[in-house]
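Here is how the chains run, residue by residue.
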Amino acid sequence: MNLCPCFFRLKKGHGGSFRFLSQPIFWISDLQLPRRGPGGGRHQPIRVSVHPPRRNRTSGLSPASLGAGRGLGAKPAAATSRSRKNMAGAAGPGTGPGTGPGAAGGDGDDSLYPIAVLIDELRNEDVQLRLNSIKKLSTIALALGVERTRTELLPFLTDTIYDEDEVLLALAEQLGNFTGLVGGPDFAHCLLPPLESLATVEETVVRDKAVESLRQISQEHTSVALEAHFVPLVKRLASGDWFTSRTSACGLFSVCYPRASNAVKAEIRQHFRSLCSDDTPMVRRAAASKLGEFAKVLELDSVKSEIVPLFTNLASDEQDSVRLLAVEACVSIAQLLSQEDLEALVMPILRQAAEDKSWRVRYMVADKFSELQKAVGPKITQNDLIPAFQNLLKDCEAEVRAAAAHKVKELCENLPIEGRETIIMNQILPYIKELVSDTNQHVKSALASVIMGLSTILGKENTIEHLLPLFLAQLKDECPEVRLNIISNLDCVNEVIGIRQLSQSLLPAIVELAEDAKWRVRLAIIEYMPLLAGQLGVEFFDEKLNSLCMAWLVDHVYAIREAATNNLMKLVQKFGTEWAQNTIVPKVLVMANDPNYLHRMTTLFCINTILLDFSALQEEVKPVLQKLGQDEDMDVKYFAQEAMSVVAQRLRKLDLPVKDSDEPSAPGADKNHFLRPRGPGEDAGKEC
Amino acid sequence: MPYKLKKEKEPPKLAKGTAKPSSSGKDGGGESTEEAQPQPQPQPQPQPQPPSSNKRPSNSTPPPTQLSKIKYSGGPQIVKKERRQSSSRFNLSKNRELQKLPALKDSPTQEREELFIQKLRQCCVLFDFVSDPLSDLKFKEVKRAGLNEMVEYITHSRDVVTEAIYPEAVTMFSVNLFRTLPPSSNPTGAEFDPEEDEPTLEAAWPHLQLVYEFFLRFLESPDFQPNIAKKYIDQKFVLALLDLFDSEDPRERDFLKTILHRIYGKFLGLRAYIRRQINHIFYRFIYETEHHNGIAELLEILGSIINGFALPLKEEHKMFLIRVLLPLHKVKSLSVYHPQLAYCVVQFLEKESSLTEPVLPLLCPGSTSLAVLAILHLVGGAVIVGLLKFWPKTHSPKEVMFLNELEEILDVIEPSEFSKVMEPLFRQLAKCVSSPHFQVAERALYYWNNEYIMSLISDNAARVLPIMFPALYRNSKSHWNKTIHGLIYNALKLFMEMNQKLFDDCTQQYKAEKQKGRFRMKEREEMWQKIEELARLNPQYPMFRAPPPLPPVYSMETETPTAEDIQLLKRTVETEAVQMLKDIKKEKVLLRRKSELPQDVYTIKALEAHKRAEEFLTASQEAL
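In the annotation of an unreviewed UniProt entry, chain B is listed under the name Serine/threonine-protein phosphatase 2A 56 kDa regulatory subunit and assigned to Camelus dromedarius. For chain B, the Function (unreviewed entry) comment in UniProt is given as "The B regulatory subunit might modulate substrate selectivity and catalytic activity, and also might direct the localization of the catalytic enzyme to a particular subcellular compartment." What the UniProt record of chain B gives under Subcellular location (unreviewed entry) is the line "Nucleus".

You'll find chain A entered in an unreviewed UniProt entry as Serine/threonine-protein phosphatase 2A 65 kDa regulatory subunit A beta isoform, with Camelus dromedarius given as the organism. Note on chain A: under the UniProt heading Sequence similarities (unreviewed entry), the record states "Belongs to the phosphatase 2A regulatory subunit A family."

Dropping the structure here:
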């Protein structure tokens, strides 16, 4: 076998210039249209006969001859490699007759058969077929064996895949798990050339996947191989011509740094430094986003001497998209430094970021606040972060305020226990009070989603005195989302002060939501009903909420009726079958006489979901079902039949001596009742 | 040139129009074949446009970006929505009490410069328009009047732009305009729909408009000397200016466009920088955010820049075509800037239809043939290959846009280039013709009305026909839309007339293929079976659990005519081919609003009231 072509080319082809999958082809300026006659593979001895040489014009380029050319290795590699590449690369979908290498088995040597099949499949016009073939790459590699995979398959892939991004993505993913298939860690470096090419393509998704695979493979390299093959690859990418390769390089520094020798380490740092000050914002962004990760693998001295200056530069970049990524890096860097260094080196920048003129940067600070808080420790938090947080809570952009409001609970939780209460009461709560009446509903609803959590931190008295008025105000908010967020978090308050304190205000809020004009709002409140019922108890429920639950059953939106039905099921699970029989079943069964067929169907759906005991089913439900089985409406009739079979099944079960009727033996019926959900629009037609 | 002729006859292009009438059927089409060789285009001279004219006189200027994306449909009456204006102001000026200064024209000439500077400084005071629109009304008026007066003054007086004015004017502009744009009021990311979402207007517009206007007059003043100004209008200034292009207010972007165009024209030293920064914006848009409000305006400027490129094209410009313009086709919101993008691409092709040196290869769709790769030396080919690479897979309206653009490109392509890309090209067209979306199929079939394209096809019939025939034949019966049947029969008829013998051969071959098809499917399965067996022999096999069986690929087509013989087909073709109306339906407006969301009258009125500084951007001649 000749020298693995990938090495061959790596040494030759990389003048530091941009490298694309197809590079070699285009650099041949004499490349012309399909060649006829000699010069192609036609006259080479064909070892793997995939199919007989074609009679049409592309005969010289058939995959058979390509496979043969490689397999033989008899022709001098230098002379043929280019034309071979061309052939494979250019392989156009077979328009002519005879695509499949079906007749392949006939000829003796099978060893290259898989690769010939792959080549042929990759020429297919149908992307799905090409994709399928690439996904079976591991099978092909297994069939070829490790050596042939290295010497035949990988070079082929490196040279010839120009495809839809989707296919490239699949390839990049596959190669990440290929180490075993090329002969284990000793040969992992064989996988680098195709992945390197993939890491330079335009499409971000493919590039990212290639980088991910490269990171995976880097772990499998021996230290020697890492320095011999992987590090040079990173350097090549880092000095690539186009931004794609340089952005890809940013993600690879941290995986190869820890295992490199000191000299190489210095070089790696140097490369990373230059990427951080790259001319292209895309590269600076990539570098900024990996800064934290890279800092973690560096020695502490280097962090101080090199990373901090880089961080400072990125944090004052002209583009806000770069500056905001520096905030993220700040979290990791802060964890590495001592308190003094932190105060001296990082805090000035963080303070500056919290007051950046771009709201995006301030938003980022708000969004990462809990992480920052943990990273800098309690002392700095108290001195620096709390004031910054106050500013964020009254920022002029609603986006920033909302992000900060989201963090209120976490921030308070993470404060050191002693003194926590005073800090919250004196420094945070006043700002929260203002946010409750913010002009922006997103801010209010962000706050509403976390504010209940404060009650556990502040304890009963403070909650009643300070928080309760806020809760009540929010329960009356004009924006339904705010009210919903409060209601959905009732459990936190329940633990601390008991829900009774709230129930007076709660009820009007619930009723209003239940009758909201937007069905999505109604849907949302229905979903909290079982929870509320559990917390408020059966009496309160019967008294105040039951009628709401029944009203939803005749809502004019299907989704609401469906949710109401499920709600009943959950309530029955909570309150027991007896309660169901007394309070729900009569009302449900009355609906069977409703002139509106939709309401009659709701009865049926309810019967399907609610679990009842034997006598109730037998005596009350069955007659109704029989009546509905004769209904004039086809749909009602159909679902009545279905309900009858469900009931019959249940009766049979209940009839058996096994007595545990409470066990939710829902016969997989929960979902299936709604076999034919109708859209709200569909209802209208029949109703009138 | 036929292309130009056609352009002149066409009604002004709607920025949103997705369907372009196939124009070649018109009388002028006959000359297409003879005149197909694109002549070197005479450098379009910047000619003064009547400001009110709505027509594009020729394609020498880029299509202007539509100010309002949404046509006011007068739909359901308007619910006044919550604040639709916004503005991100971090610092308002502390002291906002402005003293009214004496009018410039009333003051003695020697004091005018000093007074002018004073007024400029006064206008650096910023006011609040958002949280309290009624604040400082008196002082706001002072500033407004001052700006107004200065606009007049700088437009009508000579020798007023003295050296001392430059820093003051640039500072005034920067202070007023360079700001962080407020968060988008519209949904971001995938939910953002540039056609549907109403722009948020800039609250401070009453002042900003005048600031823009003043600065534009300043740049355009005959006294303006770029050599002095370049100290102040530097890279940093340009970068800040470019950042503003993301503004949601179309009026603001319109001014920015004109201003940047002027700067590009006057400051030769900044040109490369401006182009590079625009590229960065595009890269970010394509590969990172997919969200930017000013792409159409930027492309419009680039259109005028490309127009002025010197020949032969520099490597940098060719890279720009391949690496920026073509990938821009990939983005979801293409419809917003497609007219401008298509203009840029066609400009490139008209500039120089063939290049001698190879373009660095970046485009290589999987199924291209050797021929395609070889033609990457040619711009036209590269563009077509690029379009094919980014061809939409599921987004039919976008596909129609691609078909429009492709036809424009084919109109200017040289036959030699055509012959090199035609195979992948027609394979794609075959797919379009078979598209279940009838607008896509219809648009593709309109190509058969373009006589220049037909002449290209007929010169290469032996290679095109075998590709197209199966798609046409299959769909002649099975397409659900009857209009398509007519168009297909029309296309088949044209093929038949082109080369009777070849047509017969194709029919024969199609039937033969048909029978082989199923057999081949089985072969493929056996093939993989065999590989699977080979793989099983490998001791490592259990470690790499075989991937789950892949879903079989079914072909979607249902019953297809198989029994019919050639004669029958011919007869049907003869009878069914509808004579395509020469003047195919005028520019169908395919676009409709997707929802009946109430529109904000105020926004619409504000946009209608905006007057463009200039209807068309003229070419910026590249310095040699």
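This brings us to the overall build of chain B. For chain B, the count of helices and strands is 23 helices and two strands. Taken across its 624 residues, chain B has 59% of its residues classed as buried. The long-range share in chain B, meaning contacts at least 24 apart out of those at least 6 apart in sequence, stands at 81%. For chain B, the accessible surface area stands at approximately 27000 Å², while carbon and sulfur atoms represent 55% of it.

Below, the discussion takes up the overall build of chain A. Of regular secondary structure, chain A possesses 37 helices and zero strands. The proportion of buried residues among the 688 residues of chain A is 60%. Partitioning the intrachain contacts of chain A with sequence separation of at least 6 by distance along the chain shows that 71% fall at a separation of at least 24.

Inside soluble globular proteins, nonpolar side chains tend to come together where they are buried. Within the largest apolar cluster, 379 residues are counted, with the highest numbers of intra-cluster contacts made by Ile263, Leu325 and Tyr337 of chain B. Among the elements that take part in this core, helix H30 (residues 519-552) of chain A stands out by supplying 16 residues, more than any other. When sequence neighbours within four positions are dropped, the list of residues in contact with leucine 325 of chain B reads Leu299, Ile306, Phe320, Leu341, Cys344, Val345 and Phe348 of chain B.

This next bit is on the UniProt feature "domain: Phosphatase 2A Regulatory Subunit A helical" (unreviewed entry) in chain A. Mapped onto this numbering, the UniProt entry annotates "domain: Phosphatase 2A Regulatory Subunit A helical" (unreviewed entry) at residues 188-372 of chain A. As annotated, residues 188-372 of chain A has a helix share of 79% and a strand share of 0%, and its two end C-alpha atoms lie 39 Å apart.

Moving on, we come to the packing of helix H20 (residues 359-367) of chain A against helix H22 (residues 398-406) of chain A. All names here are of chain A. Relative orientation of the contacting elements H20 and H22 amounts to 5°, with a least axis distance of 8 Å. Taken together, the axes of H20 and H22 are roughly parallel relative to one another. Counting all contacts with H20, which are made through Trp359, Arg362, Tyr363, Ala366 and Asp367, the residues of H22 involved are Glu399, Val400, Ala403 and Ala404. Of the residues in the contact of H20 with H22, the class split is six nonpolar, no polar and three charged.

A few words now on the domain arrangement of chain A. All names here are of chain A. Annotation of chain A at the domain level lists domain 1 (498-575) and domain 2 (576-653). Here the C-alpha centroids of domain 1 and domain 2 sit 22 Å apart. Between domain 1 and domain 2, the residue contacts involve 18 residues of the former and 17 residues of the latter. Here domain 1 meets domain 2 over a buried area of about 1400 Å², counting both sides, of which 73% is carbon and sulfur. Broken down residue by residue, the surface that domain 1 buries against domain 2 is led by Met550, Thr565 and Val572, which jointly contribute 32%. The tally of links between domain 1 and domain 2 comes to zero salt bridges. Along the contact surface separating domain 1 from domain 2 lie two residue pairs in polar contact (both at pLDDT 80 or more). At the level of secondary structure, the elements contributing two or more residues to the side of domain 1 that touches domain 2 comprise H30 and helix H31 (558-575). Among the elements that take part in the side of domain 1 that touches domain 2, H31 stands out by supplying eleven residues, more than any other.

Right, let's get into the pattern of salt bridges. This structure, assessed with the given rule, holds 49 salt bridges over all chains. Arginine 360 of chain A is paired through a salt bridge with aspartate 320 of chain A; the nearest N and O atoms lie 3.1 Å apart. With a gap of 40 residues between them, arginine 360 of chain A in helix H20 and aspartate 320 of chain A in helix H18 (residues 320-336) connect regions that are remote in the sequence. With a closest N to O distance of 3.8 Å, glutamate 220 of chain B and arginine 217 of chain B form a salt bridge. One end of the pair, glutamate 220 of chain B, and the other, arginine 217 of chain B, are both in helix H5 (residues 205-220), three residues apart, so they sit about a helical turn from each other. Here the salt bridges share partners, and the residues they tie into one network are Glu213, Arg217, Glu220 and Arg262 of chain B.

This paragraph deals with the packing of aromatic side chains. Applying the stated criterion across every chain, the model contains 43 aromatic pairs over all chains. Consider the rings of phenylalanine 224 of chain B and phenylalanine 267 of chain B, whose centres lie 6.1 Å apart with planes at 75°: the pair is edge-to-face. Taken together, the residues phenylalanine 224 of chain B in the loop between H5 and helix H6 (226-229) and phenylalanine 267 of chain B in the loop between helix H8 (250-266) and helix H9 (271-289) connect sequence positions 43 residues apart. Residues tryptophan 448 of chain B and phenylalanine 495 of chain B carry aromatic rings whose centres are separated by 5.9 Å and whose planes lie at 75° to one another, so their mutual orientation is edge-to-face. One end of the pair, tryptophan 448 of chain B, is in the loop between helix H17 (438-445) and helix H18 (451-459); the other, phenylalanine 495 of chain B, is in helix H20 (residues 482-498), with 47 residues separating them in the sequence. Judged by relative accessible area, which is 0%, phenylalanine 495 of chain B ranks as buried. Above the face of the tyrosine 287 of chain B ring, arginine 207 of chain A is positioned so that its terminal group lies 5.8 Å from the ring centre.

Attention now moves to the packing of H22 of chain A against helix H25 (residues 441-451) of chain A. Residues and elements named next belong to chain A. Look at H22 against H25: their axes get within 8 Å of each other, and the N-to-C directions meet at 5°. Here H22 lies roughly parallel to H25, going by the angle between them. Touching Ala398, Arg401, Ala402, Ala405 and His406 of H22 are His442, Val443, Ala446, Leu447, Ser449 and Val450, all from H25. Here the contact of H22 with H25 is built from residues that sort into seven nonpolar, three polar and one charged.

The next thing to look at is helix H29 (residues 500-514) of chain A. Residues and elements named next belong to chain A. Taking 1.5 Å of rise per residue, 15 residues should cover 21 Å, and H29 covers 20 Å from first to last C-alpha, within 8% of that figure. The largest bend along H29 measures about 45° and falls at leucine 506, with the proline proline 508 one to four residues further on. Taken together, the buried positions of H29 are Leu502, Ser503, Ser505, Leu506, Leu507, Ala509, Ile510, Leu513 and Ala514. In this structure, the buried side of H29 is in contact with helix H26 (454-475), helix H27 (480-488), helix H28 (490-497) and H30.

It is worth spelling out the environment of glutamate 413 of chain A at this point. Residues and elements named next belong to chain A. Mapped onto the fold, glutamate 413 is located in helix H23 (residues 408-414). For the pair glutamate 413 and leucine 467, spaced 54 residues apart in sequence, the C-alpha to C-alpha distance is 16 Å. Those residues in contact with glutamate 413 that lie beyond four places of it in its chain are Arg420 and Ile457.

Turning next to helix H19 (residues 339-354) of chain A. Residues and elements named next belong to chain A. For H19, with 16 residues, the first-to-last C-alpha span of 20 Å runs short of the 22 Å given by 1.5 Å per residue. For H19, the principal kink sits at valine 346 and spans about 50°; a proline, proline 348, occurs within the next four residues. All of the buried residues along H19 are Asp341, Leu342, Val346, Met347, Ile349, Leu350, Ala353 and Ala354.

Analysis parameters
- Residues numbered from 1 in each chain as written.
- Chains lettered and ligands numbered in written order.
- Predicted model: local features only at pLDDT ≥ 70, side-chain atom pairs only at ≥ 80, totals over all residues.
- Heavy atoms only, no water.
- UniProt positions renumbered as here; feature names shortened; annotations may be inferred.
- Helix = DSSP H or I, 4+ residues; strand = E, 2+ residues; numbered from the N terminus.
- Buried < 20%, exposed > 50% of the residue type's maximum accessible area, 1.4 Å probe, protein only.
- Contact = heavy atoms within 4.5 Å.
- Areas by Shrake-Rupley, 256 points an atom, 1.4 Å probe, with all protein chains shown as cover.
- Core = buried A, V, L, I, M, F, W, Y, C linked by side-chain atoms within 4.5 Å.
- Axes fitted to C-alpha atoms, helices over the stretch in contact; angles between N-to-C directions.
- Parallel < 35°, antiparallel > 145°, perpendicular 65-115°, else oblique.
- Nonpolar A, V, L, I, M, F, W, Y, C, P; charged D, E, K, R; others polar.
- Domains from an automatic or database assignment.
- Buried area = accessible area lost by both parts, 1.4 Å probe.
- Salt bridge = Lys/Arg side-chain N within 4 Å of Asp/Glu carboxyl O.
- Polar contact = N/O pair within 3.5 Å; in protein donor to acceptor, adjacent residues only side chain to side chain.
- Phe/Tyr/Trp six-rings, centres within 6.5 Å; stacked < 30°, edge-to-face > 60°.
- Lys NZ or Arg CZ within 6 Å of the ring centre and 35° of its normal.
- Expected span 1.5 Å × (residues − 1).
- Bend = angle between axes of the 7 residues up to and from the residue.

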